[in-house]
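Listed here are the chains, written in short residue letters.
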Amino acid sequence: MSSKSAPPPLPEPLCVPVADSHTHLDMQEGTVEEALARAAAVGVTTVVQVGCDIKGSHWAAQTAAAHDSVHAAVALHPNEAPRIVLGDPDGWSRQGAREAGGDSALDDALGEIDRLVALPQVRAVGETGLDYFRTGPEGIAAQERSFRSHIEIAKRHDKALVIHDRDAHADVLRILAEEGAPERTVFHCYSGDAEMAEVCAAAGYFMSFAGNVTFKNAQPLRDALVAAPLELVLVETDAPFLTPAPYRGRPNAPYLIPVTLRAMAAVKGLDEDTLAAAISANTAEAFGY
């Protein structure tokens, strides 16, 4: 295995245990048990497993039911909604090529998410939101309808809402304001600037920072982290994606949370135990466990 594809080494353990607020264990190498054991060995004792489609949401719920340290979030990813409605002839998603199902297929899928959200191990509705990076203008209506439905589902079940916002800051904030955000709303892999962090803070939205906060070109993200109030900050891997520096490009996993957390502590001018204790409390508060 080349060093580029090799998993990074285990970091020094944290003294104060924390949670990975957003991970995709189903897209990572090895077993769930191995991933959880490696994470626990470095002080990452809880993970939120996030579904992106019906199959992944069922898997998240089953995995959370089987492991006390795993909580589930279930949803149709913003890129999944247009695939359901308009079809996916190229088979870009994990389901392969799909026929267009129209609005009724989206309604059926949302109904299935609604049923999963009622389960006690499902702590959040997500990841949902808007993604203008991968979906063209023809898919925006389906994304928006799906997003509004997920907001309603989260509020009705009193579960947290986990937001995926890619190149869509203004519209995400507008729709949250129009619909009325759930009591607990998390911007996963926060990607806005410091000004947006102030808007989120005023609304009481949690901001979860991923490994990209360590990237050289990510100064606007670090400025946002400085602006974000300590009581609204979370940490995540979004693994297997967004592996923190110096391991960028290699496979990410929950055990690498300490690398990102230490970088965040330096940015915020805090010692790592203070930040870890705050993040631990914030994540439990956000996801209601």
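Residues numbered from 1 in each chain as written. Predicted model: local features only at pLDDT ≥ 70, side-chain atom pairs only at ≥ 80, totals over all residues. Heavy atoms only, no water.

1. Thoughts on the confidence of the model for the protein chain
Then step 1. The pLDDT averaged across the protein chain works out to 96; a share of 99% of its residues lies at or above 70.
Then step 2. At the low end of the mean pLDDT range in the protein chain sits helix α3 (residues 80–86), at 96; at the high end sits strand β8 (residues 233–235), at 99. (pLDDT = per-residue confidence, 0-100. Helix = DSSP H or I, 4+ residues; strand = E, 2+ residues; numbered from the N terminus.)

2. Overview of the sheet that holds strand β6 (residues 185–187)
Then step 1. With respect to topology, eight strands assemble into an open sheet ordered β1-β2-β3-β4-β5-β6-β7-β8, the strand pairing being parallel. At either end of the open sheet lies a strand with only one pairing partner, and these are β1 (18–23) and β8. On average, each strand axis in the sheet is inclined to that of its neighbour by 30°, with strand direction left out of account.
Then step 2. Of the pairings in the sheet, the one linking strand β4 (residues 122–131) to strand β5 (residues 160–166) comprises six bridges and is parallel in character. (Pairing = 2+ DSSP bridges. Axes fitted to C-alpha atoms, helices over the stretch in contact; angles between N-to-C directions.)

3. Looking at the pairing of strand β7 (residues 206–209)
Where a strand is regular, its side chains alternate between the two sheet faces.
Then step 1. What you see with β7 is no split at all: Phe206 and Ser208 on one side and Met207 and Phe209 on the other are buried throughout.
Then step 2. As defined by bridge partners, β7 adjoins β8 across three bridges and the pair is classed as parallel. Residue pairing across strands places Phe209 opposite Val235, the latter belonging to β8.
Then step 3. Following the chain from β7 across helix α8 (residues 219–227) to the adjacent parallel β8, one finds a crossover that is right-handed. (Buried < 20%, exposed > 50% of the residue type's maximum accessible area, 1.4 Å probe, protein only. Right-handed = clockwise from strand over helix to strand, strands pointing away.)

4. Side note on the side chain of Thr283
Then step 1. By the element assignment, Thr283 lies in helix α10 (residues 272–287).
Then step 2. Residue class for Thr283 comes out buried when judged on its relative accessible area of 0%.
Then step 3. With residues up to four places along the chain from it excluded, the contact list for Thr283 reads Ala19, Ser21, Leu234 and Tyr289. (Contact = heavy atoms within 4.5 Å.)

5. Some words on unusual backbone geometry
Then step 1. A cis amide bond, omega 15°, links Ala239 with the succeeding residue Pro240.
Then step 2. Position of Pro240 among the secondary structure elements: in the loop between β8 and α9 (257–268).
Then step 3. For the bond running from Ala245 to Pro246, omega is 5°, close enough to zero to count as cis.
Then step 4. Here Pro246 is to be found in the loop between β8 and α9.

6. Looking at α8
Then step 1. All of the buried residues along α8 are Leu221, Arg222, Ala224 and Leu225. Buried residues of α8, seen end-on, are gathered within an arc of 155° and therefore sit on one face of the element. (Arc of directions from axis to C-beta.)

7. Regarding the packing of helix α4 (residues 102–117) against helix α5 (residues 140–157)
For any two helices packed against each other, one specifies the inter-axial angle together with the distance between the axes.
Then step 1. Look at α4 against α5: their axes get within 11 Å of each other, and the N-to-C directions meet at 25°. The angle between α4 and α5 places the two elements in the roughly parallel class. Crossing hand, α4 versus α5: right-handed. Residue-level inspection shows Asp103, Leu106, Asp107, Leu110, Ile113, Asp114 and Val117 of α4 in contact with α5, the latter providing Ala142, Arg145, Ser146, Ser149, His150, Ile153, Arg156 and His157.
Then step 2. Here the residues of the contact of α4 with α5 are counted per class, giving six nonpolar, four polar and five charged. (Parallel < 35°, antiparallel > 145°, perpendicular 65-115°, else oblique. Left-handed = near helix turned anticlockwise from the far one by under 90°. Nonpolar A, V, L, I, M, F, W, Y, C, P; charged D, E, K, R; others polar.)

8. Thoughts on α10
Then step 1. Along its 16 residues, α10 runs 22 Å from first to last C-alpha, staying within 8% of the 22 Å computed at 1.5 Å per residue.
Then step 2. Turning to α10, its buried residues are Leu275, Ala276, Ala278, Ile279, Asn282, Thr283, Ala286 and Phe287. The buried residues of α10 occupy one face: seen down the axis, they fall within an arc of 165°.
Then step 3. Backbone nitrogen of Asp273 and a side-chain oxygen of the N-cap are separated by 3.2 Å at the start of α10; the cap is Asp271. (Expected span 1.5 Å × (residues − 1). Polar contact = N/O pair within 3.5 Å; in protein donor to acceptor, adjacent residues only side chain to side chain.)

9. Things to note about the nonpolar core
Then step 1. The biggest cluster of nonpolar side chains holds 82 residues, and the ones touching the most others in it are Phe147, Leu176, Phe187, Tyr190, Phe209, Met264 and Phe287.
Then step 2. No other element matches α4, which puts six residues into this core.
Then step 3. Residues within four places of Tyr190 in sequence aside, it is in contact with Met196, Ala197, Cys200, Met207, Ser208, Phe209, Leu221 and Ala224. (Core = buried A, V, L, I, M, F, W, Y, C linked by side-chain atoms within 4.5 Å.)

10. Some words on the packing of α9 against α10
Then step 1. Between α9 and α10, whose axes approach to 9 Å, the crossing angle comes to 110°. Our classification of the angle between α9 and α10 gives roughly perpendicular. Handedness of the crossing formed by α9 with α10: right-handed. Only Glu272, Leu275, Ala276 and Ile279 of α10 make contact with α9, whose side of the interface consists of Leu261, Arg262, Met264 and Ala265.
Then step 2. When the residues that make up the contact of α9 with α10 are grouped by side-chain class, the tally is six nonpolar, no polar and two charged.

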